Amino acid sequence: MGLLDAILGRSKPVRPDLDQLFAVPSAALTLQAATGFTPTGRGSVCFAGVEGGGFARLQEDVRELLDADTERGGIPVEFSRDAYGYTWLLARHPADDSAALVNDLHAVNTLLQDGGFGPHLLCSLIGFRDAEGRALALVYLYKRGTFYPFAPLPGDAEKRDNQLELQVRGVLGDDLRVEKDLSRWFPVWGAPGL
């Protein structure tokens, strides 16, 4: 970063700390013991799409890497776009194999980062459910290197279960780097994997 950048308040994009995702499988055990929420085996990565052949090739590389096990019963990944124009990749594994899910999400993020698209990574989420069918996601913010819980209330209205989110923050405080700034706990309504 040069002197002019410092004067104008510009900074280089923060490099995502992708290895934080590897803490999720042990945090999932803590979460299950304390709240009854168990992994669904579904997780997703959200990134700002980029036009061009290089990015399209990278998406195909991601698909080929993660779909390599489909002949042995693996579930193919799915790409989708949300109403805001962000691209989501949905990965699925057996619910009891959160380590494999995290490995896939980490692989996607690493390919994007190594391909020069790290600044386009927004978040990843890992889905959970309890015996009552309530949904919960652990959302990882790359540029902050932190997690936060997102708990939508059942039904069509876009409302959150703030009490549950705060409870999960307290439960996982020793297992994950939880985002302290609650204003950064963005809703991810309708996110694949939730």
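Description of the structure in this document. As the structure is a prediction and not an experimental result, all values here were calculated from the model. (Residues numbered from 1 in each chain as written. Predicted model: local features only at pLDDT ≥ 70, side-chain atom pairs only at ≥ 80, totals over all residues. Heavy atoms only, no water.)

## Some remarks on the environment of Leu176
No. 1: Positionally, Leu176 belongs in the segment after helix 5 (162–172).
No. 2: Accessibility expressed as a relative area gives 7% for Leu176, which makes it buried.
No. 3: Between the C-alpha atoms of Leu176 and Ala27, which are 149 residues apart in sequence, the distance is 6.9 Å.
No. 4: Residue contacts for Leu176: discarding those within four places in its chain leaves Ala23, Val24, Ala27, Leu138 and Phe147. (Helix = DSSP H or I, 4+ residues; strand = E, 2+ residues; numbered from the N terminus. Buried < 20%, exposed > 50% of the residue type's maximum accessible area, 1.4 Å probe, protein only. Contact = heavy atoms within 4.5 Å.)

## Some thoughts on the sheet that holds strand 5 (residues 135–141)
No. 1: Strands sit in the order 2-3-1-4-5-6 across an open sheet of 6 strands; the sheet is antiparallel. The two strands at the open ends of the sheet, each matched to only one other strand, are strand 2 (78–81) and strand 6 (146–150). Neighbour-to-neighbour, the strand axes of this sheet turn through a mean angle of 25°, independent of strand direction.
No. 2: Bridging between strand 2 and strand 3 (residues 86–92) involves 4 bridges; their strand directions are antiparallel. Each bridged residue has a counterpart across the sheet, and for Glu78 the counterpart in strand 3 is Leu90.
No. 3: This element, helix 2 (residues 24–35), spans strand 1 (38–48), strand 4 (121–129), strand 5 and strand 6 of the sheet and lies at about 35° to strand 4.
No. 4: Strands strand 1, strand 3 and strand 4 of the sheet are contacted by helix 4 (residues 98–117), whose axis makes an angle of about 10° with strand 1. (Pairing = 2+ DSSP bridges. Axes fitted to C-alpha atoms, helices over the stretch in contact; angles between N-to-C directions.)

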